[in-house]
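Structural overview
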Amino acid sequence: MAAAAPRPRTEEELLGRARALAGARLGEVAASLRRPVPSDLRRAKGWVGELVELALGASAGSRPEPDFPELGIEVKTLPVDAQGAPKESTHVCAISMREAAGAHWETSVARAKLARVLWVPVEAAAAIALPMRHIGQAILWSPDTREEALLRRDWEEHMELIALGRSDQIRGEMGAVLQVRPKAASGGSRTPVSDGDGVRAAALPLGFYLRPRFTAAILGRVYAPLR
DNA sequence: TTGTGATCATCT
DNA sequence: AGATGATCACAA
């Protein structure tokens, strides 16, 4: 590939691209796409994710919908340590706090994105230089009944608090698998919210994140049948 | 400003 | 060590 990959038209095409990417190093992928490799990720936090999306043929857009809308598939890179365990939580989506009151899990952005996810593990141990880090074998995942129930419960509990205008009472400790944390440019960021009585107010923008334990369980499925 | 891609930095 | 709260870059 000399430029960005063509947009895959089928799930098989996308999976084929993901398979071709497995085992590659970030440096060589970047070179083939003619993209510079940053010296570190401190000022390029989304670089790995953007590189993988480009290689898979995703569009660069930033709309609140899955990366491949026609396939209903969201792509997420997963930074893993030397043991193959996720090092970080996974950002799911921003929360539209003004519309929390009338929101439903079934039609939520969070559910749409988590309905079908192509997880792409990427080495992230600090000891490995960025260009040398390997991309792992991707996993196409959908939540099973139990997982969806857990996600839904956490989502509904958080959204109820937000709808009541109590988003400032939300803590990262809440939520078994899906937590809510700030998602902003800085701690001074504010977004419109409605308080309990529909009065205009402003609060820190929040986003949904999957806990590392949850994504670790997803990666574990690959090895579980072998044990 | 909001949403995308996330990791950083600090505290327990 | 693990997790929470804070933060960085870019597009529309």
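All of the points below concern the structure found in this document. (Residues numbered from 1 in each chain as written. Chains lettered and ligands numbered in written order. Predicted model: local features only at pLDDT ≥ 70, side-chain atom pairs only at ≥ 80, totals over all residues. Heavy atoms only, no water.)

Comments concerning the protein's contact with DNA strand B
Around DNA strand B lies a shell of 26 residues, among which Glu74, Thr77, Lys113, Lys183 and Tyr209 are the nearest. Sugar plus phosphate: this is where 64% of the atoms of DNA strand B within 4 Å of the protein reside. Listing elements by their share of the surface near DNA strand B, those giving two or more residues are helix H3 (47–56), strand S1 (74–80), strand S2 (90–94) and strand S6 (191–194). No other element matches S1, which puts four residues into the surface near DNA strand B. In the surface near DNA strand B, the residues fall into seven nonpolar, seven polar and 12 charged. (Near = heavy atom within 4 Å. Helix = DSSP H or I, 4+ residues; strand = E, 2+ residues; numbered from the N terminus. Nonpolar A, V, L, I, M, F, W, Y, C, P; charged D, E, K, R; others polar.)

Overview of the environment of Gly27
Secondary-structure assignment places Gly27 in helix H2 (residues 26–32). Its relative accessible area of 18% is what places Gly27 among the buried residues. In this structure the C-alpha to C-alpha distance between Gly27 and Val52, which are 25 residues apart in sequence, comes to 12 Å. Setting aside its immediate chain neighbours within four residues, Gly27 contacts Val37 and Pro131. (Buried < 20%, exposed > 50% of the residue type's maximum accessible area, 1.4 Å probe, protein only. Contact = heavy atoms within 4.5 Å.)

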